[in-house]
Amino acid sequence: MKILLLEDDMLLAELIKEHLREKGYEAITFTNGEDAYEYLYENSVDLLLLDINVPGIKGSKLLKNLREQHNRTPAIFITSLNASKDVKIGFALGCDDYIKKPFEFDELDARIEHVLKIYNLHQEVFLIDEYEFFPDKNLLRYKDATIHLPAKASKILHYFLTHPNRLVTKEELIANIWEDIPTEATIRTYIKMLRDHFKDKIQTIRGIGYEFTLS
C-alpha cells in the first residue's frame, strides 16, 4: 500500500517514513504542499497523511482541492496539540481521521488501521515462521529487518504460498509468472534468493520443479 506523507518537519517526516516502511508500506514524503499536489495530479496513492500547516499549499487546502476534483483518497490530518479548530475544518473538508502532535507510532498505526478497515484496504500479509511477507510491496520483514525482494522472486514466493505442500512444476511457474520463457539459470537464481530465507521449506524435485512446505 502506498502512503503519501506531507510533513514539513524533516526529522519527523524521516522518522515516520522509516516507520511506515518497516510496517511494510511504501511511503512517499513531501515537505511542501505544492509539490505533494503536483505529484497527486499525475499519481495515485492509497492513503494521505497530511500536516495542515506546511509551506506552499496547506494540507487543508490540498485536501479541499482533491475533494473538489472528486478524489476520495482516504486522508488523516496531522495537527498540533491544541488545534481543535483544525480538526473541525479537516472533517468538514472530508478527512477520515486525525492525529495530534506529539504522538506515538502505536497511535499512528491505530489511526491507519482504523481507516484501512473503513475502506477495506488491508494489504495481504503471509506469516512464515518468523517472517512476514507483503507480496504487493515485494517485502519480507524479519524481526526488525526489512528485506526488499526482486519482483519475480516475490511472485514466485507468493505462488508457492498460495499453492503449498505440492509439486509446482517449472512449466507452471513460467506460465503464471513470466510473459516470456526464462532460462533455467534465471529460475535457479530466484529460487536461490528465496532459499536464503526459507532453505528448509523449498524442496527441489530434480528436473521437474519445487515444493514449498508449510507446517
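Because the structure is a prediction, the values reported are computed rather than measured. (Residues numbered from 1 in each chain as written. Predicted model: local features only at pLDDT ≥ 70, side-chain atom pairs only at ≥ 80, totals over all residues. Heavy atoms only, no water.)

A. A look at the overall build of the chain. For the chain, the helix and strand inventory stands at 8 helices and 12 strands. Principal-axis analysis of the C-alpha atoms places the extent of the chain at approximately 65 × 35 × 30 Å. Buried positions account for 46% of the 215 residues belonging to the chain. Per element, the accessible surface of the chain, about 11,800 Å² overall, is 49% carbon and sulfur. Measuring between centres, the 28 positive side-chain charges of the chain sit 2 Å from its 36 negative side-chain charges. (Helix = DSSP H or I, 4+ residues; strand = E, 2+ residues; numbered from the N terminus. Buried < 20%, exposed > 50% of the residue type's maximum accessible area, 1.4 Å probe, protein only. Areas by Shrake-Rupley, 256 points an atom, 1.4 Å probe, with all protein chains shown as cover. Lys, Arg positive; Asp, Glu negative; His and termini not counted. Charge placed at Lys NZ, Arg CZ, Asp CG, Glu CD.)

B. Looking closely at the sheet that holds strand β7 (residues 131-134). Here we have 4 strands laid out as an open sheet, ordered β6-β7-β8-β9, and antiparallel in their pairing. Edge strands, defined here as strands with exactly one partner in the open sheet, are β6 (126-128) and β9 (145-148). On average, each strand axis in the sheet is inclined to that of its neighbour by 25 degrees, with strand direction left out of account. Alignment of β7 against strand β8 (residues 139-142), held across 4 bridges, turns out to be antiparallel. The residue of β8 that forms the bridge with F133 is L140. (Pairing = 2+ DSSP bridges. Axes fitted to C-alpha atoms, helices over the stretch in contact; angles between N-to-C directions.)

C. Region of the structure containing the nonpolar core. Counting residues in each nonpolar core, the largest one holds 25 residues, and the members touching the most others are F133, I156, L157, F160, L173, L194 and F212. Those elements that place two or more of their residues in this core are β6, β7, α6 (151-162), α7 (170-177), α8 (184-198) and β12 (209-212). Setting aside its immediate chain neighbours within four residues, F212 contacts I128, L157, F160, L161, P164, N165, R166, F198, K201 and I202. Ranked by size, the runner-up nonpolar core spans 20 residues in total, among them A36, L40, L62 and A75. (Core = buried A, V, L, I, M, F, W, Y, C linked by side-chain atoms within 4.5 Å. Contact = heavy atoms within 4.5 Å.)

D. Highlighting the confidence of the model for the chain. For the chain, per-residue confidence averages 91 on the pLDDT scale, and residues scoring 70 or more make up 98% of the total. No element of the chain has a lower mean pLDDT than helix α4 (residues 84-93), at 81, and none a higher one than β12, at 97. (pLDDT = per-residue confidence, 0-100.)

E. Here's a closer look at α8. Taking 1.5 Å of rise per residue, the 15 residues of α8 would be expected to cover 21 Å, and the 20 Å separating its terminal C-alpha atoms lies within 8% of that figure. Inspection of α8 places I187, Y190, I191, L194 and F198 among the buried residues, and these make up the whole buried set. Buried residues in α8, looked at end-on, bunch into an arc of 100 degrees, giving them a common side. Opposite the buried face of α8, by more than 90 degrees, sit the exposed residues K192 and D196. (Expected span 1.5 Å × (residues − 1). Arc of directions from axis to C-beta.)

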